[in-house]
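In case you want the letters, here they are:
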Amino acid sequence: MQLIDTHVHLNFDSFQPDLASVRSRWQEAGVVRLVHSCVEPAEFTSIQAIAHQFPELSFAVGLHPLDAEKWYNDWADKIRSLASSEPKVVAIGEMGLDFYKADNYVTQRMVFEAQLAIASELHLPVIIHCRDAAKEVREILQKWQDSKGEPLRGVMHCWGGTPEETQWFLDLGFYISFSGTVTFKNAKAIHASAAMVRSDRLLIETDCPFLAPVPKRGEKRNEPAYVRYVAEQVALLRGETVEAIAHQTTQNACKLFNLVL
């Protein structure tokens, strides 16, 4: 059984002491490809080094909405330059809006739209972070698509929205990715969303080192091998086998990010 973890942060300090062992465990778990997300351009060098260390790892470049105040005039050029010159870059992000921890809407929106422009220019998918901002993210994406006359490709990562909100982004052509939160007992809205997403728009991720899934929730660090638990829970919620979920989500990830197994 092959799995793809579509959202990891392996460059974080918590992985530095034993990254080789972490890799051995994801290989044993059947994880054949990974997509490393990016929080800010200062990470470019460390992420690129890991991507070249591990052939199965591709990555994205971008600026997280909670770091929007760090945006500098030349960062668009830096993102564009690496994304267009490095074959292992498969997406722009993570980008988006987060009103759970910040309320600087104007700055977040400006940075979000700047990165959408880069992704559109380079014909790359986007990785979107959306927390307590589904209505606003939907509005921006809808206006963008209407003004450009062409759909954006991308994924709503670590999705935590209601089924109604989930349908908004499915209607816009987006993939929906579920993380360890789908295994949490009281995450009823996420459970309902995981059950109703179209099979050809479904993805799985760990968002490691955050959000370790049940039965590893008590651990301080999540890791890619645990994406199997996400697949198992999604399969349970959808009344499917874990093998079917693994196959479908692997196909979907390859299609969205242009990955080759």
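Predicted, not measured: the structure shown is a model, and the values here were computed from it. All residue numbers refer to position in the chain's written sequence, counted from 1. Local features in a predicted model are, by the rule used here, given only for residues with pLDDT of at least 70; side-chain atom pairs are given and counted only at 80 or more, and totals for whole chains, interfaces and linings are based on all residues. Computation of side-chain values covers all heavy atoms of the structure but excludes hydrogens and water.

A.B. asks: Help me out: how do you make sense of the side chain of Asn252 in this one?
C.D. replies: Tracing the backbone shows Asn252 in helix H9 (residues 242-257). The criterion used for residue contact is that any of the two residues' heavy atoms lie within 4.5 Å. Once you skip the residues sitting within four places of it in the chain, Asn252 turns out to touch Tyr175, Ser199, Asp200, Arg201, Leu202 and Leu203. Counting from the N terminus, the helices are the DSSP runs of H or I reaching at least four residues and the strands are the DSSP runs of E reaching at least two.

A.B. asks: Quick question: what am I supposed to make of the UniProt feature "binding site: a divalent metal cation 1" (unreviewed entry) in the chain here?
C.D. replies: UniProt positions are given in the numbering used here, feature names are shortened, and annotations may be inferred rather than shown by experiment. On the UniProt side, "binding site: a divalent metal cation 1" (unreviewed entry) is annotated at positions that read His7, His9, Glu94 and Asp207 here. Separation in sequence by 201 residues is not matched in space for these annotated residues, since their most distant C-alpha atoms are only 11.2 Å apart. With respect to the helices and strands, the residue His7 is situated in strand E1 (residues 3-8). Type-normalised accessible area, obtained with a 1.4 Å probe on protein chains alone, sets the label of each residue: buried when under 20%, exposed when over 50%, and partly exposed for intermediate values. Taking relative accessible area as the criterion, His7 reaches 1% and is therefore assigned buried. Setting aside chain neighbours within four positions, we find His7 in contact with Val35, Ser37, Glu94, Ile127, His157, Glu205, Thr206, Asp207 and Cys208.

A.B. asks: So what exactly am I meant to see when it comes to the UniProt feature "binding site: a divalent metal cation 2" (unreviewed entry) in the chain here?
C.D. replies: Mapped onto this numbering, the UniProt entry gives "binding site: a divalent metal cation 2" (unreviewed entry) at Glu94, His129 and His157. Spatial clustering of the annotated residues is evident: they stretch over 64 residues in sequence, but the largest pairwise C-alpha distance comes to 8.6 Å. Residue His129 is classed as buried on the basis of its relative accessible area, which comes to 13%. For His129, the side chain forms a polar contact with the side chain of Glu94, separated by 3.3 Å. With sequence-adjacent residues up to four places away left out, His157 is seen in contact with His7, Glu94, Ile127, Ile128, His129, Ser177, Glu205 and Asp207. N or O atoms closer than or at 3.5 Å make up a polar contact, with two conditions inside protein: a donor-capable atom paired with an acceptor-capable one, and, for residues adjacent in sequence, both atoms drawn from side chains.

A.B. asks: Please explain helix H3 (residues 75-85) as it appears in this structure.
C.D. replies: Two residues of an α-helix separated by three or four positions point the same way, owing to the 3.6 residues in each turn. Residues of H3 that are buried include every one of Trp75, Ala76, Ile79, Leu82 and Ala83, and no others. The buried residues of H3 occupy one face: seen down the axis, they fall within an arc of 145°. Turned more than 90 degrees from where H3 packs its buried face, Ser84 and Ser85 sit exposed. Buried residues along H3 sit against helix H2 (44-53), strand E3 (57-61), strand E4 (89-98) and helix H4 (105-122). Regarding the arc, it is the one traced by the directions from the helix axis to the C-beta atoms.

A.B. asks: When you look at the sheet that holds strand E7 (residues 175-178) in this model, what are you seeing that I'm missing?
C.D. replies: Within a sheet, adjacent strands bond to each other through the backbone by hydrogen bonds, running parallel or antiparallel. Spatially, the eight strands line up as an open sheet ordered E1-E2-E3-E4-E5-E6-E7-E8, and their pairing is parallel. Of all the strands in the sheet, the pair left with one neighbour each is E1 and strand E8 (202-204). Going from strand to strand, the sheet's axes swing by 30° on average, the running direction of each strand aside. The sheet contact formed by strand E2 (residues 31-36) and E3 spans three bridges and is parallel. Bridge assignment links Val35 to a residue of E3, and that residue is Ser58. Strands E4, strand E5 (126-131) and strand E6 (154-156) of the sheet are contacted by helix H5 (residues 134-148), whose axis makes an angle of about 145° with E5. In this analysis, axes come from line fits to C-alpha atoms, helices being fitted only over the stretch in contact, and the angle between any two N-to-C directions falls in the range 0 to 180 degrees. In the packing of H9 onto the sheet, contacts are made with E1, E2, E4, E5, E6, E7 and E8, and the angle to E8 comes to roughly 95°. Two strands pair under a simple rule: DSSP has to find at least two bridges between them.

A.B. asks: Can you walk me through unusual backbone geometry in this structure?
C.D. replies: As a rule of thumb, non-glycine residues mostly have phi less than zero, and peptide bonds are mostly trans rather than cis. Of the consecutive residues Cys208 and Pro209, the connecting peptide bond is found in the cis state with omega at 15°. When you line up the elements, Pro209 lands in the loop between E8 and helix H8 (227-238). Omega for the bond connecting Val214 with Pro215 falls within 30 degrees of zero, at 15°, which places this linkage in the cis form. Positionally, Pro215 belongs in the loop between E8 and H8. Residue Asp132 is not a glycine yet carries a positive backbone phi of 55°. Along the chain, Asp132 turns up in the loop between E5 and H5. For Asp132, a relative accessible area of 55% translates into the label exposed. With a phi close to 55°, Asp207 is a non-glycine residue in the positive phi region. Assessed through its relative accessible area of 8%, Asp207 is described here as buried.

A.B. asks: Can you help me understand the state of the cysteines in this one?
C.D. replies: Two cysteines joined by a covalent bond between their sulfur atoms form a disulfide. What counts as a disulfide here is a pair of cysteine sulfur atoms lying within 2.5 Å. Under the criterion given, the structure shown has zero disulfides. This cysteine, Cys208, is not joined by any disulfide, and Cys158 carries the nearest cysteine sulfur, 11 Å off. As a non-bridged cysteine, Cys254 has Cys208 as the owner of its nearest cysteine sulfur, 18 Å distant.

A.B. asks: Honestly, H5 in this entry has me stumped. Any pointers?
C.D. replies: Given the number of residues in a helix, its expected span is that number minus one, multiplied by 1.5 Å. Given a rise of 1.5 Å per residue, 15 residues ought to cover 21 Å, and the 21 Å separating the end C-alpha atoms of H5 matches this to within 8%. Once H5 finishes, Gly149 follows within two positions and takes phi at roughly 70°, a positive value.

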